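Analysis of the macromolecular model
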Amino acid sequence: MSADAARDPRPLVGEPLSLDLLNTRWMLDGVRQDLLTDAEGLGIWLAANGIADRFEADGRTLEHVLLARDALASVVDAPGEAAGVARVNKILGHGRIRATLSPEGPGEELEFKDASWGPGWLATRDYLGLLAAAPDRIRRCAHEACILHFFDTSRNGTRRWCSMAACGNRAKASRHYARSRED
């Protein structure tokens, strides 16, 4: 783990790239936090996802990553809405996957019109993979004060919380407190 990834302050990391990008915004004590306010935060996010060596953590890349995050948020929050779909397609228009053949066999190579679109494009492309795999498992945490997203990998597909230790426990405590007040 790089020093940047070790400084990641977010409460939920390790989700697929598209959801991890959405999770660069979170709530802390009722106040919205945002990792992507500057190039340093972008560097932390790139490092946490193992792509810091491929892309620059600069203002232009940050601008494009923020556009991708907003596009992803629009389709995750309102799936199928035409405006969100158009925003995602616009991000995807900045890159492509080219099929290749090498002595080792078939492969793929990423190509970008401008490398600063790379991280945002990768996150957006990742979302397409989640949609193809299991769109019903792309979830927002069920806790009303949480804005984090996750990909439900539980066997029966019933995960509700970004973290059972955090949001799940708060919900249980809240229910217990409400019951105790009724008695």
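Use the structure listed above.
Quick look at the structure, then.

Criteria and thresholds
- Residues numbered from 1 in each chain as written.
- Predicted model: local features only at pLDDT ≥ 70, side-chain atom pairs only at ≥ 80, totals over all residues.
- Heavy atoms only, no water.
- Helix = DSSP H or I, 4+ residues; strand = E, 2+ residues; numbered from the N terminus.
- Expected span 1.5 Å × (residues − 1).
- Buried < 20%, exposed > 50% of the residue type's maximum accessible area, 1.4 Å probe, protein only.
- Axes fitted to C-alpha atoms, helices over the stretch in contact; angles between N-to-C directions.
- Parallel < 35°, antiparallel > 145°, perpendicular 65-115°, else oblique.
- Left-handed = near helix turned anticlockwise from the far one by under 90°.
- Contact = heavy atoms within 4.5 Å.
- Nonpolar A, V, L, I, M, F, W, Y, C, P; charged D, E, K, R; others polar.
- Core = buried A, V, L, I, M, F, W, Y, C linked by side-chain atoms within 4.5 Å.
- Salt bridge = Lys/Arg side-chain N within 4 Å of Asp/Glu carboxyl O.

For helix H4 (residues 59-77), which comprises 19 residues, the first-to-last C-alpha distance of 27 Å matches the rise-based estimate of 27 Å (1.5 Å per residue) to within 8%. For H4, the full list of buried residues reads Thr61, Leu62, His64, Val65, Ala68, Arg69, Ala71, Leu72, Ala73, Ser74, Val75 and Val76.

Here we come to the packing of helix H5 (residues 82-92) against helix H6 (residues 118-133). Running from amino to carboxyl end, H5 crosses H6 at an angle of 125 degrees, the nearest separation of the two axes being 9 Å. Classified by the angle between their axes, H5 and H6 sit oblique to one another. Where H5 crosses over H6, the handedness of that crossing is left-handed. For the pair H5 and H6, contact is made by Val88, Ile91 and Leu92 and by Gly120, Trp121, Thr124, Arg125 and Leu128, respectively. In terms of residue class, the contact of H5 with H6 is built from 5 nonpolar, 2 polar and 1 charged.

This part covers the nonpolar core. In terms of nonpolar packing, the biggest core is built from 41 residues, with Leu21, Leu36, Leu42, Trp45, Ile138 and Cys162 touching the most fellow members. Of all the secondary structure elements, the ones that give two or more residues to this core are helix H2 (17-22), helix H3 (39-48), H4, H5, H6 and strand S6 (149-151). The greatest single-element share of this core, amounting to 8 residues, is contributed by H4.

Residue placement: Ile91 occurs in helix H5. Residue class for Ile91 comes out buried when judged on its relative accessible area of 5%. It is 9.8 Å that separates the C-alpha atoms of Ile91 and Gly118, two residues lying 27 residues apart in sequence. For Ile91, the residues in contact, after removing those within four places along its chain, are Leu67, Ala68, Ala71, Trp117, Gly120, Trp121 and Thr124.

Take the packing of H3 against H4 next. Close contact between H3 and H4 brings their axes to 9 Å; oriented N to C, the two are set at 65 degrees. Compared by their axis directions, H3 and H4 come out roughly perpendicular. The interaxial crossing formed by H3 with H4 has left-handed handedness. On the side of H3, the interface is formed by Ala39, Leu42 and Trp45, while H4 contributes Thr61, Leu62 and Val65.

All right, on to the pattern of salt bridges then. By the definition in use, this model includes 11 salt bridges. The partner of Arg10 in a salt bridge is Asp8, with the nearest N and O atoms 2.7 Å apart. You'll find Arg10 and Asp8 in the same group, each marked buried. Of the charged contacts, one joins Glu15 and Arg159 as a salt bridge, the two residues approaching to 3.9 Å between their closest N and O atoms. On the criterion of sequence distance, the pair formed by Glu15 in the loop between helix H1 (3-6) and H2 and Arg159 in the loop between S6 and helix H7 (164-182) is long-range, its members being 144 residues apart. Given the relative accessible area of 12%, Glu15 is considered buried. Owing to a relative accessible area of 24%, Arg159 belongs among the partly exposed residues under this scheme. Here the salt bridges share partners, and the residues they tie into one network are Arg96, Arg98, Glu109 and Glu111.

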